[in-house]
Structures are given as C-alpha cells and as structure tokens.
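# Structural characterization, general
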Amino acid sequence: MALTTTQARELLNKLPKTDLGFFPTPLHKLEKLSEQLDIELYIKRDDFTGSNLFGGNKTRKLEYLIGKAKAEGCDHVFTYGAVQSNHAMQTIWAASKNGIKPVVYLAAIVPIDENDIKANLLLDRIFDAEIHIIDPLEGESFMDTENRSFKMGEEHIKRLEAEGHKCMNIPIGGADETGSLGYVDGITELFEQADALDVEFDYFYHATGSGGTMAGMMAGRNLLGRKTVIRSISAMEIGRSYAKHAASLSNGALELMGIPSGEPLVKAEDFEPDDNYYAPGYEMPNEATTKAIKLLAKTEGILVDPVYSGKAFSALLDHVKTGKIEKGSKVVFVHTGGATVFFAEKEILGEVF
Ligand SMILES: *Cc1c(COP(=O)(O)O)cnc(C)c1O
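Below, the discussion takes up the overall build of the chain. What the chain contains, in helices and strands, is 12 helices and 10 strands. Its C-alpha atoms give the chain a radius of gyration of 19 Å, within 12% of the compact-globule value 20 Å for 353 residues. Scored against the burial criterion, the 353 residues of the chain give a buried share of 58%. Long-range contacts, defined as pairs at least 24 residues apart, comprise 80% of the intrachain contacts of the chain with a sequence gap of at least 6. On the chain, roughly 15,100 Å² of surface is accessible, and the fraction owed to carbon and sulfur atoms is 52%. Across the chain, the centroid of the 37 positively charged side chains sits 3 Å from that of the 52 negatively charged ones.

Dropping the structure here:
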C-alpha cells in the first residue's frame, strides 16, 4: 500500500482531534555539523510543538488523545509517569486548556525536595493538576512502583465513575493506538516537508521510551510506502516484546484511520530499537550523552536533553563514527523535546558544564 501524503491527511482529518500546538514544526539543516560529520544532517523541531516553551513529542499524541476525551464527554483525564515526566506535564496543560481536569500519579524515581520543587513538577503545579506522588516502598523496583501507581489510578477512576463522572485513562507516555496517531500525523508532516525540499532521506533518528512515537512513525512510513530507515534509540531497558507491542500500536492506529486490518502493514521486524546508548539507566546521565549535548549546543545553539534526545543524538554521532551511517547519508534527527530537564535535579542532568 502506498498512500499519498494528501490521502493520509484526509484519513487523519476524519478523527477527533484538538489543536494544541503550532504545526508544521520546522525542518532545517544543521550546516556546521553536516560539514563536520560528512553527512547531510537535518533536524525536525518537535521540541517546538507548543503551546508554550515546553512542548515536545507528547503534544502531537495529545491532540488525538484529548480530542477523543472531548468527543467522549470526559471530565477527567488520568495519566502516569516519573515525577519529572514530560508526558505528564504536557497532558496536564492539554487537558486544562480543554476544560478537563487532569489527575496524575507520579512515581518518585529521584526523591523530591518539597521545599525546592523544580522543572516539570513545578510546571505541573502551575498548570494546576491533581498530583499524587508515589514513593517507592522498601525493596520495590521502579517498575513495581509504576505498576502500583497504575492500579491506584484505576481505583480512583472507579470511585469517580461511581459518582457519575466520565474519565479517560491515558497510559504512560500516551502510548496507545490513539496517541500513536500523533506520529502518523508527525511523519506525514515530515514527508510533506521532505517532498517540498525534494530530498529523500536515508535515516530518521529519534529517542524512544513508551514506544508510541516509534509506532506512529512506522505506521505512517509504511502507509506512505516510503523507504527511509527509522532508527529508534532507547532511553531505557526494553523488554523482549517491545517491538511486537509497538507493531500492535501501529496497526491499531492504522485501523482507527480506517485501513483494513487484513494483512498487518507493520511487523515487529520493521523496528530497529537500539538499546546500546541509555546506560547506566533511565534518567541516569552518561559521558557520551553529555558530550553530544555540548557538541550540539556549541556548534548549532540547540539543546537536547540528557534523558531522551541527548541519548539519541549520542547514538547518531556514534553511528557516524562506526559507519552505521554511511558518509554522505541524508539524515533527520527528530528532536522530541525535553528541555525542562535542564532545570531538574542534578542526578538527572549530569555534568553538562
Ligand atoms: C516521551 C519522550 C520520548 C519518547 O517517546 P515515546 O513515544 O514515549 O517513545 C522522547 N523524547 C522525549 C523528550 C520524551 O519526553
């Protein structure tokens, strides 16, 4: 199957959606780094999605998620994440802006100081959410704490629904079929821009976490019958079923668009999740990432964050060095946001200066 970008847009336009940002986000060339690295390097500025300085990739997903919540008449949305979650922060303003009450359950990976609230958690309070901080119990892994927070949210929803409220439960990262539509839309936009420039890109690089961005991009790429290789760099440990789960999100998103679900358009083998760059762990800085952040800042004046986009950018640099990106390749780095981390706890930020 190969739809034109216009045909893909027509299908997307039929779905409930709310405007949250400023699109298209810019696609521009990084002239100095292109010369230094001997490739043609472009950047897609999804750090500029809006609707304030602190957008990012979740804003695209939320256009469809909050659009659906509105269409279904929800008065509350629930979501989850780490205390400094970009997704939770964007969900909060997106919901508030649409007259829906946001409730978040945040797992405290890094302990917080109540007298010194920073970064996303500070923004969460300004945007006025109901915030529940879940501290890990003794001996509990981060995953266990998160799973416990999901259960607490679900019970809370049951209580509200018993009182007659209508709630939408948005999974961590906004990574469900509806959220993934945001990146079918995002990659369609990227191909529209590439076509206007008359450039056929060899690679798209981006950071992956919950997998919704990756799922949406792959769905869009296959739907449009394009050949660009998508390299997804993991910001955390990924389980064995990661690609399989992403493929189910991709195909689910396509089904929402009305694409017949006979022969699935996306297969687990389509994905190339690369987990060689996140060590020592999620929200834990490493030296190659710190160097990558500084290089991009110094040469192009652009900031990538230490948790996601910086790790993905460090992978791109390493792939140039090892030849996994061949000389002369045309590459887009998809900047997914995360700027608030520069104002978060030192444990997360690392030694950037
Ligand atoms: C959430 C996030 C990602 C990962 O996107 P997923 O859709 O969760 O895989 C990448 N970069 C930043 C800055 C993010 O906040």
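A word on the layout of surface pockets. Roughly 1,100 Å³ of volume is contained in the largest pocket. Contributing to the lining of the largest pocket are 48 residues, with Glu-146, Gly-209, Ser-210, Met-236 and Glu-237 lying nearest its centre. For the lining of the largest pocket, the secondary structure elements donating two or more residues are α3 (57-71), β3 (76-82), α4 (86-97), α6 (142-162), β7 (203-208), α8 (212-223) and α9 (242-256). In terms of residue count, the dominant contributor to the lining of the largest pocket is α6 (five residues). Split into classes, the residues belonging to the lining of the largest pocket amount to 21 nonpolar, 21 polar and six charged. The computed volume of the second largest pocket comes to approximately 290 Å³. The wall of the second largest pocket is formed by 17 residues, among which Arg-45, Asp-47, Phe-48, Leu-53 and Ala-339 lie closest to the centre.

Here we take up the packing of helix α7 (residues 177-197) against α8. Two packed helices can be described by the angle between their axes and the distance between those axes. Where α7 meets α8, the axes come as close as 7 Å, and the angle between the chain directions of the two elements is 50 degrees. Here α7 lies oblique to α8, going by the angle between them. The two elements α7 and α8 cross, and the hand of that crossing is right-handed. Contact residues: α7 offers Ser-180, Tyr-183, Val-184, Ile-187 and Phe-191, while α8 offers Gly-212, Thr-213, Ala-215, Gly-216, Met-217, Ala-219, Gly-220 and Arg-221. Among the residues forming the contact of α7 with α8, the class breakdown is seven nonpolar, five polar and one charged.

One pass over the structure, following the stated rule, counts nine aromatic pairs. Taken together, a centroid distance of 5.2 Å and an interplanar angle of 80 degrees make the contact between Tyr-80 and Phe-150 edge-to-face. With a gap of 70 residues between them, Tyr-80 in strand β3 and Phe-150 in helix α6 connect regions that are remote in the sequence. Centre to centre, the rings of Tyr-203 and Tyr-205 are 6.3 Å apart; their planes meet at 65 degrees, and the pair counts as edge-to-face. Like Tyr-205, Tyr-203 is buried. Members of the aromatic cluster, each reached through a chain of ring pairs, are Tyr-42, Phe-191, Phe-201 and Phe-204. The ring of Phe-48 carries the charged tip of Arg-45 above its face, separated from the ring centre by 4.4 Å.

In this approach the atoms are scanned with a rolling probe the size of a water molecule, which exposes any empty space left behind. Enumeration over the complete set of coordinates arrives at two cavities of 30 Å³ or more. Partitioning the lining of the largest cavity into residue classes produces three nonpolar, eight polar and no charged. Lining the second largest cavity are Val-83, Gln-84, Ile-109, Val-110, Ile-112, Glu-283, Glu-345 and Ile-348. Tallied by class, the residues present in the lining of the second largest cavity amount to five nonpolar, one polar and two charged.

In this section: the site of the ligand. With respect to spatial proximity, 16 residues lie near the ligand, and among them Lys-58, Lys-61, Ser-210, Thr-213 and Thr-336 are the closest. One of the side-chain nitrogen or oxygen atoms of Lys-58 is found 3.0 Å away from an oxygen atom of the ligand. Ser-210 has a polar side-chain atom sitting 2.5 Å from an oxygen atom of the ligand. Within the complex, 98% of the 380 Å² of free accessible area of the ligand lies under protein. In this structure the site holding the ligand corresponds to the largest pocket. Listed by contribution, the elements that provide at least two residues to the shell around the ligand are α3, β7 and α8. In terms of residues, the shell around the ligand owes the most to one element, α3, which gives three residues.

Turning our attention to the sheet that holds strand β8 (residues 229-234). If you trace the six strands from one edge of the open sheet to the other, you get β1-β2-β10-β7-β8-β9, paired in mixed fashion. The two strands at the open ends of the sheet, each matched to only one other strand, are β1 (27-29) and β9 (273-274). Pairing geometry for strand β2 (residues 40-45) and strand β10 (residues 330-335), over six bridges, is parallel. Residue Tyr-42 lies in a different strand from β10, and its bridge partner there is Val-332.

Criteria and cut-off values
Residues numbered from 1 in each chain as written. Predicted model: local features only at pLDDT ≥ 70, side-chain atom pairs only at ≥ 80, totals over all residues. Heavy atoms only, no water. Helix = DSSP H or I, 4+ residues; strand = E, 2+ residues; numbered from the N terminus. Rg over C-alpha atoms; globule rule 2.2 N^0.38 Å. Buried < 20%, exposed > 50% of the residue type's maximum accessible area, 1.4 Å probe, protein only. Contact = heavy atoms within 4.5 Å. Areas by Shrake-Rupley, 256 points an atom, 1.4 Å probe, with all protein chains shown as cover. Lys, Arg positive; Asp, Glu negative; His and termini not counted. Charge placed at Lys NZ, Arg CZ, Asp CG, Glu CD. 1 Å grid on protein atoms, 1.4 Å probe; cavity = no way out; pocket = protein on both sides within 12 Å on 5 of 7 lines; lining within 4 Å. Points joined across faces, edges and corners; volume = space filled by probe spheres on them. Nonpolar A, V, L, I, M, F, W, Y, C, P; charged D, E, K, R; others polar. Axes fitted to C-alpha atoms, helices over the stretch in contact; angles between N-to-C directions. Parallel < 35°, antiparallel > 145°, perpendicular 65-115°, else oblique. Left-handed = near helix turned anticlockwise from the far one by under 90°. Phe/Tyr/Trp six-rings, centres within 6.5 Å; stacked < 30°, edge-to-face > 60°. Lys NZ or Arg CZ within 6 Å of the ring centre and 35° of its normal. Near = heavy atom within 4 Å. Polar contact = N/O pair within 3.5 Å; in protein donor to acceptor, adjacent residues only side chain to side chain. Sits in = over half its atoms within 2 Å of the grid points. Pairing = 2+ DSSP bridges.

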